[in-house]
Amino acid sequence: MDNVERTVMPGDEIAAAEEYVCGPGTYELEGKIFASVAGRLRLDLREKVAEVKPFNPPAQLKSGDIVIGTVSAIRSSMAEVEISEIEGTERGITGDVDASLHVSKMSSRYVEDVRDVYRLGDYVRARVVQVSPSVQIVTDADDFGVIKALCSQCRSAMVLKGRDVYCENCERAERRKIARGYSTVE
Amino acid sequence: MGGGSTDIKLIDEKGIRLDGRRVDQLRPIKIEAGVLKNADGSAYVEWGKNKVLAAVYGPREAHPRHIQDPTRAVVDVIYNMCSFSVEERVRPGPGRRSVEISKVIADAFRNVIFTEQFPRAKIDVYIEILQANAGTRCAGVVAASVALADAGVPMMDLVPACAAGKANNQLILDLGKEEDNVGQADLPTAIVPKTGEIVLLQMDGHLTQDEFDRALQMSMNACMQIYELQKDALRRRYATSANDAPDTEEVRQ
């Protein structure tokens with residue numbers, strides 16, 4: 001048996017509630033299942049789930065999303081990051097955008113002090129591991145970390161020099177957990 | 001509604017109105033979805049001489065934070081008439097009339113949007129009246145609901161809207177400007193086609209109970225026609241987004 005796929009609009013009747021379970025993008029009313037968004041309907045004949053994949057879904061953080069944000073506060077054992085974008089979408093994020101990043105999840109190595117890997121205002125790329133009750137992100141992989149660092153003294157953008165970042169203005173280097181592809185992304 | 005002077009002839013002996021319509025005929029309606037690139041969802045509606053643009057932003061973080069509701073999203077509608085939308089220049093900015101219309105439209109949409117899926121968020125709906133010729137609140141509702149669907153906001157159903165009214169002692173559908181100005185009553189209605197619920201109903205002028213019932217029926221029937229146009233506009237919008245393989249008919253065991 002093949003799964004059924006077709007285009008539906010909000011309010012379109014999909015199936016009877018006895019037949020399928022209400023998946024995302026659908027709702028149940030008086031024993032029937034209706035679509036709540038415009039998208040592609042998928043009736044899973046094995047799992048008996050009816051779901052609608054929206055054409056233009058709102059950007060909601062999910063576990064596993066790759067996100068870009070800025071470091072908004074440094075605490076003794078964690079950094080707070082304000083997420084500005086989910087990679088791969090252009091829409092503004094729905095809901096909570098303040099994420100926390102614990103020292104133990106900043107790098108694959110041991111981190112003594114948060115300030116050895118992140119400074120205030122750094123642009124970071126990270127992966128979401130938890131959304132509720134609070135947003136938690138991790139950067140313990142090569143792809144994650146600082147994608148653009150700001151000098152802690154003059155706030156100008158720093159360039160990559162070896163395994164450190166270097167401020168041409170102040171002629172000094174700082175340590176960071178650098179993401180693969182530093183400063184090649186905006 | 002003017003003074004309700006009935007000496008101006010709005011409907012001739014054959015039941016044909018000033019603009020050539022029958023008493024139960026809508027003005028031509030054109031709906032287009034996804035016209036604005038920067039908005040999360042948008043729609044443009046031409047309804048007779050009305051031209052309405054609707055844009056939806058969100059669900060996004062609500063600011064200032066004290067307006068956030070931890071249980072559901074806040075729905076905010078701003079209905080605005082452009083200064084050039086009618087013959088006499090409209091003073092820009094919110095006025096008594098536009099604040100009222102914004103409020104009743106927002107109330108209508110709060111009934112259909114699944115706001116509880118987006119706690120602490122805000123959904124902004126902007127309705128711009130580029131050109132007005134009676135019935136702009138209905139055109140605004142029609143445009144806004146297509147824009148909301150285009151933005152992927154989950155809702156119970158699309159919301160079509162239409163007005164009925166009375167002029168020259170006859171019930172008429174979808175009042176034009178002259179009919180609105182010198183007619184006897186105007187009854188804008190917005191419904192949820194799925195359940196038949198009325199989410200917006202206002203009345204200006206006088207109707208008897210019997211006339212009211214018949215006028216309501218007329219506008220609800222017209223809403224069903226508009227509902228099809230709304231769905232068609234959305235289908236056209238997404239037919240071009242490639243992932244529209246020929247529709248497979250639903251298999252029923």
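Rules of the game
Residues numbered from 1 in each chain as written. Chains lettered and ligands numbered in written order. Predicted model: local features only at pLDDT ≥ 70, side-chain atom pairs only at ≥ 80, totals over all residues. Heavy atoms only, no water. Salt bridge = Lys/Arg side-chain N within 4 Å of Asp/Glu carboxyl O. Buried < 20%, exposed > 50% of the residue type's maximum accessible area, 1.4 Å probe, protein only. Contact = heavy atoms within 4.5 Å. Buried area = accessible area lost by both parts, 1.4 Å probe. Polar contact = N/O pair within 3.5 Å; in protein donor to acceptor, adjacent residues only side chain to side chain. Helix = DSSP H or I, 4+ residues; strand = E, 2+ residues; numbered from the N terminus. Nonpolar A, V, L, I, M, F, W, Y, C, P; charged D, E, K, R; others polar.

Visitor: With reference to specific residues and values, describe the pattern of salt bridges.
Guide: In the structure shown here, the tally under the stated rule is 36 salt bridges over all chains. A:Asp44 serves as the salt-bridge partner of A:Arg42, at 3.6 Å between the closest nitrogen and oxygen. Given a relative accessible area of 30%, A:Arg42 falls into the partly exposed group. For A:Lys62, the salt bridge is made with A:Asp65, and the minimal N-O distance between the two is 3.6 Å. For A:Asp65, a relative accessible area of 11% gives the class buried. Among the charged side chains, a network of salt bridges with common partners joins B:Arg17, B:Asp19, B:Arg21, B:Arg27, B:Asp174 and B:Glu179.

Visitor: Help me get a handle on the interface of chain B and chain A, residues and values and all.
Guide: Contact residues are listed per partner, giving 37 residues for chain B and 31 residues for chain A. Between chain B and chain A, roughly 2,800 Å² of surface is buried when both sides are summed, and carbon and sulfur atoms account for 51% of that area. Scanning the region where chain B abuts chain A turns up three salt bridges. Joining chain B to chain A, the criterion identifies eleven residue pairs in polar contact (both at pLDDT 80 or more). Sorting the residues of the side of chain B that touches chain A by element identifies strand E3 (50-61), helix H2 (136-150) and helix H4 (209-239) of chain B as the ones contributing at least two each. Residue contributions to the side of chain B that touches chain A peak at five residues, all from H4(B). Across the side of chain B that touches chain A, the residue classes break down as 16 nonpolar, eight polar and 13 charged.

These results come straight from atomic positions and should not be treated as a statement about function.
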